Every structure is written in C-alpha cells, then in structure tokens.
Amino acid sequence: MTERRHIWQTWSRTVRCRPAQWVAPRVEGQIAEAVRAAAEGGLGVRVAGAGHSFNQLACTEDVLLDLSRYTGVLDIDRHAMTVTVRGGTRLAEISAALDGAGLALANIGTLDAQSVAGAISTGNHGTGIAHRPFSAQVAALRLITSDGTALDLADDTDPELFRAARTSLGALGVISTVTLRCVPAFNLRSVPGGERLDGLLDRFAEWAHSADHVSFGWLPWTEDVATRAWHRTDEPPTRGAGRQRYATTVDEMRCGLAGLAGRWRPAAVPGMKRILASGAPTEYVDAGHRIFSFPQPIKFLALEHALPLESVPTALRELRVALRRFGAYSPYSVLVRVGAADDSPLSPAYGRATGYVNLTVPRTARYTEILRTAEHLLRDLDGRPHWGKAHTATAEVLRPRYPEWERFQAVRGKLDPSGMFCNEYIGRVLGPVDAARQVYS
Ligand SMILES: Cc1cc2nc3c(=O)[nH]c(=O)nc-3n(C[C@H](O)[C@H](O)[C@H](O)COP(=O)(O)OP(=O)(O)OC[C@H]3O[C@@H](n4cnc5c(N)ncnc54)[C@H](O)[C@@H]3O)c2cc1C
C-alpha cells in the first residue's frame, strides 16, 4: 500500500508537493494502520481525494493518504433512502449507482469527478435557494482519528462533533465512510435565458427564488448575463439530451482557446470570445445529475466567495468597475449561484442565505492578478472563501467571519491534540491546534 511515487499534484497542476510517504489504502484497516504509524513516527498526515481543490489543502511533505483506491458503494437502503460509500468514491459513481436504484442526490455542483469526502470537507455546493451545501446531505460518517480509532458520527450520536466534521478540511481525521440521504430520482428542465445585468441585480432576491436551481454567468466587459433555471419536472428526457451536457464542456474549450490568445494580448480576449461564440443554448430535460454537472477537461484556476445573499448585487457592481479598470479579461464568465443557510461551523454558508460568486481564469500570472483584485473586494463584503479554491485569507481574517469558530477549534483540540492533520495551509487558515480548548459543550 505504500508506494514509491514522488510528486503529487492537483487537477489544475498549479499546486504540487513531494510527500515522504505516499500511502494508497484499499481497506479501512490500512488507513488506521497508516495513521498509527505516522503518530509513532511523529509525522503529519494529509488526505487526498481526487485532487480537485485549487490550493495546498491536501499537500504534505510527510504522509499523504491517497484515497483514490479506497472507493465503492457499500450499501443502498431504498427504504431509508440512503447510500453508504467509501470516502474516496467519486460523486459520478454514486449518482450512477443511485440512478439504477431509482434514487438520486438532491443537489451537486458543476463537477462530479471529486471524491465524496473531498466534497464534504471543503463546503462544496451546487445552486438552489432551498439547498444547503453538499455536506448537509450527510446522514452519518465514520472518522479515523489521530490515534487510529474509528468514530461513528451522526446527528443523534454526537451532534456537535458531527456538525464540525461535516466541513472539516481534513483537519479532524480521515473520513472513512459516508452515508448520504437521497431523494427519489428526478428530472430537471433546463431553461436558458438572457437579460441585462442591472435589471437582474435590481430583482436579485426575487430571481434567486424563481426556480429550484438558478445561476447566471456574466462576462465583465459586457452588460448582459446568461441565466439558467432548472425546474423539477415529470417529463422524460428530451431526445438528444446527452449531447446538451457537452455543450458547456465545448464552451469551456472555447474559453481555453481565448485564454491562450490572452496570454499574448489580454485585450484580444473579448474579440476572440465573439469569434468563438456558440449558438444560443436550448431548453431540454434530462436526469438531475446529468444537468447539474458536466465534464471539465480544460485546466483553469478558480476563486469563489460565499456572500450574504443581499450583498451579491453590490459585489457584482463593484466587480464591474474593478475588473474593467484592471484590463486583463478572463475568457470565463463570473458565475453566480445561490444556497440556503448551513449550520456546520466552518461552512461558508454558515447562518445565512448565501450568494456564491465564482471567478475562473486561465492559469497564467497576469490572470491570477484578477483573482487578487476580486478577492479583496469580496472580502470587504463579508465574503467567506471557498476552502478548496484559490485565496490568501489567514486565520485572523477568517475567525471573525465564523460565529462558531471557537467551537470548531475546541473539537479540533479534542480530536487532533498533536496537530497531526495540520499542514502549512491548515496552519494558515485555522491557526495552531490548541489542545487546552478541548471542552466544547
Ligand atoms: C473543474 C472543477 C469544478 C468545480 N466545481 C465546483 C462546484 O461546482 N462547487 C464547489 O463547491 N466546488 C467546486 N470545485 C471545487 C472542488 O470540488 C472541491 O474543492 C472538492 O474538495 C474537491 O474534492 P476532491 O475529492 O478533489 O478533494 P481534494 O482536493 O483531494 O481534497 C480536498 C480536501 O478534502 C480533504 N479530504 C479529502 N478526502 C478526505 C477524507 N477521506 N477525509 C478527510 N479529509 C479528506 C483533503 O485533506 C483536503 O483538505 C470544483 C473544482 C474543479 C477542479
């Protein structure tokens, strides 16, 4: 199970590390064994799921627990409407297994290639004003803690630990298995639309509630937005629906091409986008999980902040000024999504209805400066960064944004008193472990 591999890197290939030990367990006992051995050797441990985070979250120079082989659906309980899976299982595999059983996950983001535990640990989300982040679908999970023991957590066993573990950045232990609540399989009607940015921002709250799932994309040098509304429907999938799923993939490939041109002449990007423009997207019906996500082969870098829902119009208006002044045009649209308030202490949606503002850029230096400009603007509007995306926030910046910050730290002190699951990134965003703060009730 311990392998001689050298460099681990993220999907975006913008972050890499050289772990001293690279361990790829296939069974739970091997996870516990690796954690115990690391504890005895005084080594740190970080877990990697599918590597689809954009920052140093999973990086370590000690022990990397790579869960890409610790996968599989263990049980589907049709009566209880739950599915139990190993932590490394990709969301696509879960959706496919559930489909066969007439069940589905209620909501996921634009990607289904990430591992279930990675998605849980970073506050992953899709869109829909009645939908909390992905980890709210977790009914129970099993955590291997720093002494190698397994802890079974659920709402009715230890609600405090469970709430904390639901968004825990890999800082509390290794999530071994996860039980997710499901819903009966459903279809969605995808309805594309377009309107003026200011008109939409003027009625933003009403728009956010106008369908089960809504999102819009906006190219910052234009005044128009492309909206998308997804409505639950009993209608069957439209003929050829499978092809529609790839329309967004093809659009991202066009963005990749325009981004290449922008490396040499940033001002050429709007023109390239016009030349490469595709036809208007069409309305269609398909299974929910095939509408939510689409294949994303083109590498990029992304930053996303969770804002109080009512701050989104101000954020977009301020971004319009700042990004136009900046002059390096990202070919990717700014993406806006919405979600319900969450109660997991480190959830970026904690305690408030949320608007998610996401900026995507090609992976070159000039473009990443756009992200820095946007980050400070969104931070000033009480934004909380997506834990898995690019950002520079420190524990000092983050602490006041999370009302239950200390409660999470107390859980951390209790479960990982030696800081075994800490790395440079965790140290930056959470600060050191304070084992003295163990009492959390
Ligand atoms: C193309 C693309 C599209 C994306 N779309 C969205 C989107 O729509 N919505 C959204 O919210 N995010 C999105 N993201 C971000 C991404 O989905 C999340 O950051 C997610 O964490 C990635 O999961 P992963 O399995 O790759 O985790 P990794 O990146 O491998 O790990 C992320 C964190 O989870 C921890 N972790 C992983 N497995 C375990 C475990 N078993 N136990 C304990 N900790 C663990 C790791 O230690 C690390 O801290 C997107 C990313 C990409 C690249």
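Use the structure listed above.
Since we're looking at a predicted model, the values are computed, not measured.

Caption draft 1: Spatial organisation of the site of the ligand. Near the ligand there are 35 residues, and of these V47, G49, H52, S115 and I175 occur at the shortest range. Here an oxygen atom of the ligand and a backbone polar atom of V47 are 2.6 Å apart. Here an oxygen atom of the ligand and a backbone polar atom of A50 are 2.9 Å apart. The protein chains hide 99% of the 970 Å² of surface that the ligand would expose on its own. Those elements that provide at least two residues to the shell around the ligand are β5 (45–48), α3 (116–121) and β12 (174–181). Grouping the constituent residues of the shell around the ligand by class yields 14 nonpolar, 18 polar and three charged. The two domains that each donate at least three residues to the shell around the ligand are domain 1 (70–184) and domain 2 (187–392).

Caption draft 2: Up close: the sheet that holds strand β21 (residues 384–385). With antiparallel pairing, eight strands are arranged side by side in an open sheet as β17-β14-β16-β15-β19-β20-β18-β21. Single-partner strands in this sheet number two, and they are β17 (284–287) and β21. In the packing of helix α10 (residues 312–326) onto the sheet, the strands contacted are β15 (213–218), β18 (301–308), β19 (334–339) and β20 (354–361), and the crossing angle to β20 comes to about 20 degrees. Those strands touched by helix α11 (residues 365–380) are β18 and β20, and its axis lies near 10 degrees from that of β18.

Caption draft 3: Region of the structure containing the pairing of β12. Counted residue by residue, β12 has seven buried out of eight residues, so it is predominantly covered. In the sheet, strand β8 (residues 82–86) pairs with β12 via five bridges, with the strands oriented antiparallel. Bridged to R86 within β12 is T177. Strand direction decides the pairing type here: strand β10 (residues 138–144) and β12, joined by six bridges, are antiparallel. Its bridge partner lying in β12, L143 is registered against I175.

Caption draft 4: Expanded view of the layout of surface pockets. Quantified by volume, the second largest pocket comes out at close to 300 Å³. Broken down by secondary-structure element, the contributors of at least two residues to the lining of the second largest pocket are β18 and α11. Counting residues per element, the lining of the second largest pocket draws most heavily on α11, at four residues. Taken together, the residues of the lining of the second largest pocket sort by class into six nonpolar, six polar and four charged.

Caption draft 5: Structural detail: the sheet that holds strand β11 (residues 150–154). Taken in spatial order, the five strands make up an open sheet running β7-β8-β12-β10-β11, and their pairing is antiparallel. Two strands bound the open sheet, and with one partner strand each, they are β7 (73–77) and β11. On average, each strand axis in the sheet is tilted by 15 degrees relative to the strand beside it, whichever way the strands run. Where β10 and β11 come together, five bridges link them in antiparallel fashion. Across the sheet, the residue bridging to R142 is D152, located in β11. Across the sheet, helix α1 (residues 28–41) lies against β10, β11 and β12, angled at about 50 degrees from β10, the strand it touches most. Contacting β7, β8 and β12, helix α2 (residues 91–100) crosses the sheet at an angle of about 40 degrees to β7.

Caption draft 6: Structural detail: the nonpolar core. Core analysis: the biggest nonpolar cluster contains 51 residues, and I94, V116, F134, L169, L180, W387 and L430 have the highest contact counts within it. Looking at which domains feed residues into this core, each of domain 1 (70–184) and domain 2 (187–392) supplies at least three. Excluding residues within four positions of it along the chain, L180 makes contact with M81, T82, V83, I94, L105, V116, F134, Q137, V138 and A139. Counting 47 residues, the second largest nonpolar core, distinct from the first, contains L197, W218, L323 and L371.

What counts, and where the lines are drawn
Counting restarts for each chain: residues are numbered from 1 in the order of the written sequence. In view of the model being predicted, local features appear only for residues whose pLDDT reaches at least 70, and side-chain atom pairs are presented and counted only at 80 or more, with totals across whole chains, interfaces and linings using the full set of residues. Only hydrogens and water are removed before side-chain values are computed, so all heavy atoms of the structure are retained for them. One heavy atom suffices: a residue is near a molecule or strand as soon as one of its heavy atoms comes within 4 Å of it. We define a polar contact as two N or O atoms separated by no more than 3.5 Å, with the added condition that, inside protein, one atom must be a possible hydrogen donor and the other a possible acceptor, whereas residues neighbouring each other in sequence contribute only through side-chain atom pairs. Each accessible area value is a Shrake-Rupley result obtained with a 1.4 Å probe; residue values ignore everything except the protein chains displayed when judging cover. Secondary structure counts use DSSP, requiring at least four H or I residues in a row for a helix and at least two E residues in a row for a strand, with both numbered from the N terminus. Note on residue categories: nonpolar means Ala, Val, Leu, Ile, Met, Phe, Trp, Tyr, Cys or Pro, charged means Asp, Glu, Lys or Arg, and polar means any other residue, Gly included. Domain extents, as shown, originate in an automatic or database domain assignment. For two strands to pair, DSSP has to find at least two bridges joining them. Residues are treated as being in contact if the distance between any of their heavy atoms lies within 4.5 Å. Here the axes come from fitting lines to C-alpha atoms, over the contacting stretch only for helices, and the angles between their N-to-C directions go from 0 to 180 degrees. Accessible area is worked out with a 1.4 Å probe on protein chains only. A residue is then buried under 20% of its type maximum, exposed over 50%, and partly exposed in between. Using protein atoms alone on a 1 Å grid, points that fit a 1.4 Å probe yet trap it form a cavity, whereas open point sets bounded by protein on both sides within 12 Å along at least five of seven lines form a pocket; residues with an atom within 4 Å of a point count as lining. Grid points are joined across faces, edges and corners, and a volume is the space filled by probe spheres set on the points. Only buried residues count toward a nonpolar core. Its members are Ala, Val, Leu, Ile, Met, Phe, Trp, Tyr and Cys residues joined through side-chain atoms within 4.5 Å.

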